[in-house]
Amino acid sequence: MLKEKVEDALNKQIELEAYSSQLYLSMASWAEKNGFNGSSEFLYIHADEERGHMLKLFHYINDRDGHAIVPPLKQPPVSFESITAVFEEILSHERMISDSINDLVAICVDEKDFTTQNFLQWYVSEQIEEENLAKTNLDKLNMLGDAKANMYLFDKDMAAQSTTGGGTAV
Ligand code: FEO
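What comes next concerns the included structure. None of the values given here were measured: they were computed from a predicted structure. (Residues numbered from 1 in each chain as written. Predicted model: local features only at pLDDT ≥ 70, side-chain atom pairs only at ≥ 80, totals over all residues. Heavy atoms only, no water.)

## Section: the packing of helix H2 (residues 37-63) against helix H3 (residues 83-110)
Put simply, the rule is: Think of each axis as a best-fit line through the C-alpha atoms, taken over the contacting stretch in the case of a helix, with angles from 0 to 180 degrees between the N-to-C directions. In DSSP terms, a helix is any run of H or I states spanning at least four residues, a strand is any run of E spanning at least two, and both are numbered starting from the N terminus. For classification purposes, angles smaller than 35 degrees are called roughly parallel, those larger than 145 roughly antiparallel, those between 65 and 115 roughly perpendicular, and all remaining angles oblique. For any pair of crossing helices, the crossing counts as left-handed if the nearer helix is rotated counterclockwise from the farther one by less than a right angle, and right-handed if it is rotated clockwise. Throughout, a residue-residue contact means that at least one pair of heavy atoms, one from each residue, lies within 4.5 Å. Any residue that is not Ala, Val, Leu, Ile, Met, Phe, Trp, Tyr, Cys, Pro, Asp, Glu, Lys or Arg is counted as polar, Gly included; the first ten are nonpolar and the last four charged.
Running from N to C, H2 and H3 point in directions that differ by 20°, and their axes come no closer than 13 Å. Between H2 and H3, the interaxial angle falls into the category roughly parallel. The handedness of the crossing between H2 and H3 is left-handed. Within the contact between the two elements, H2 uses Ser39, Phe42, Leu43, His46 and Glu50 and H3 uses Ile83, Val86, Phe87, Ile90 and Glu94. Looking at the contact of H2 with H3 residue by residue, the classes come out as six nonpolar, two polar and two charged.

## Re the environment of Glu111
Heads up, the rule is: Only protein chains enter the accessibility calculation, which uses a 1.4 Å probe; a residue is then buried when its area is under 20% of its type maximum, exposed when over 50%, and partly exposed in between.
Looking at where Glu111 falls in the secondary structure, it is placed in the loop between H3 and helix H4 (114-119). Glu111 sits in the buried class, given a relative accessible area of 19%. Between the C-alpha atom of Glu111 and that of Leu144, which follows or precedes it by 33 residues, the distance is 48 Å. In this view, Glu111 contacts Lys3, Lys5 and Val6; residues no more than four positions away in its chain are not counted.

## Notes on the side chain of Glu130
To be explicit about the condition: Under the convention used here, Asp and Glu are negative, Lys and Arg are positive, and both His and the chain ends fall outside the count. Salt bridge, as used here, is a side-chain nitrogen of Lys or Arg placed within 4 Å of a carboxyl oxygen of Asp or Glu.
Along the chain, the position of Glu130 falls in helix H5 (residues 121-144). As a buried residue without a salt bridge, Glu130 has its nearest oppositely charged side chain in Arg95, at a separation of 13 Å. If we ignore the near neighbours within four places in the chain, the residues touching Glu130 are His46, Glu50, His53 and Glu94.

## Observations regarding H2
The following threshold applies: Each helix should span, by expectation, one fewer than its residue count multiplied by 1.5 Å.
For H2, with 27 residues, the first-to-last C-alpha span of 39 Å sits near the 39 Å given by 1.5 Å per residue. A positive phi of about 75° marks Asp65, the residue just after H2.

## Things to note about empty space enclosed by the protein
For the record, the criterion: Cavity and pocket criteria rest on a 1 Å grid covering protein atoms alone: a 1.4 Å probe that fits but cannot get out defines a cavity, protein on both sides within 12 Å along at least 5 of 7 lines defines an open pocket, and an atom within 4 Å of a point defines a lining residue. Grid points are joined across faces, edges and corners, and a volume is the space filled by probe spheres set on the points.
Under the criterion given, the structure shown has one cavity of 30 Å³ or more. Roughly 60 Å³ of internal volume is contained in the largest cavity. As for the largest cavity, its lining consists of Tyr24, Phe42, His46, Phe87, Ile90, Glu94, Glu130, Leu133, Ala134 and Asn137. Going through the elements one at a time, H2, H3 and H5 are the ones with two or more residues in the lining of the largest cavity.

## Topic: the environment of Gly145
Inspection of the secondary structure assignment puts Gly145 in the loop between H5 and helix H6 (148-164). When its relative accessible area of 29% is taken as the criterion, Gly145 is described as partly exposed. The spatial distance from the C-alpha of Gly145 to the C-alpha of Thr84 is 9.3 Å, given a sequence separation of 61 residues. Leaving out residues up to four positions away in the same chain, Gly145 has contacts with Asn150 and Met151.

## Brief notes about the packing of aromatic side chains
Think of a pair of aromatic rings as described by two things: how far the centres are apart, and how the planes are tilted against each other in angle. As a reminder, the rule being used: Pairing of aromatic rings covers Phe, Tyr and Trp, the last counted by its six-membered ring, and requires centre-to-centre distances within 6.5 Å; plane angles under 30 degrees mean stacked, over 60 mean edge-to-face, and any other angle means tilted.
Under the counting rule described, the total for this entry stands at seven aromatic pairs. Centre to centre, the rings of Trp30 and Phe80 are 6.0 Å apart; their planes meet at 75°, and the pair counts as edge-to-face. Of the two residues, Trp30 is situated in helix H1 (residues 4-33) and Phe80 in the loop between H2 and H3; the sequence distance between them amounts to 50 residues. Each of the two residues, Trp30 as well as Phe80, counts as buried.

## Some remarks on the nonpolar core
Put simply, the rule reads: We call a set of buried residues a nonpolar core when its members are Ala, Val, Leu, Ile, Met, Phe, Trp, Tyr or Cys and they connect through side-chain atoms within 4.5 Å of each other.
Residues Leu43, Ile83, Val86, Phe87 and Ile90 are the most contacted members of the largest nonpolar core, which totals 24 residues. Those elements giving two or more residues to this core turn out to be H1, H2, H3, H5 and H6. If you tally residues by element for this core, the top one is H1, at seven residues. Residues in contact with Phe87, not counting those within four places in the same chain, are Phe42, Asn137, Leu138, Leu141, Phe154 and Met158. Leu2, Met54, Tyr60 and Ala68 belong to the second-largest nonpolar core, a separate cluster that totals 20 residues.

Now the structure itself:
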């Protein structure tokens, strides 16, 4: 049985993962509308992955006799200054998510809930990957600069990441 403090913190994380999914979805839509088809494909896939992160928490809470709560929808930004601005926002968003997971682990330690602490290790590792991926994509954009031909190359690389799980073209 989950302690109330842990259950509340897990439900808060559900809210954040749901918002992450919404944010990536909004970014995907903006990228699609602005001709970044490879990036949009990558972002649509990522929106689904975030929903997966949310569902994993749902099942865990309910399996431990808690109650997973569907959070209200919060609207993410609908437009972005550039594709670089999108990836900058992804990096700062993922860093915020990592902080939240770390806070959640700290609550589990305080409450001596080592089962949930163990469950959260998946998220701890996942956040290392999420931050690395965001940083790598942003580094590529910064190296390429914003000339149109380079944006085309970057977008092609994003299309490759969507099918192989890792970019190689740039
Ligand atoms: Fe679920 Fe991108 O963190």
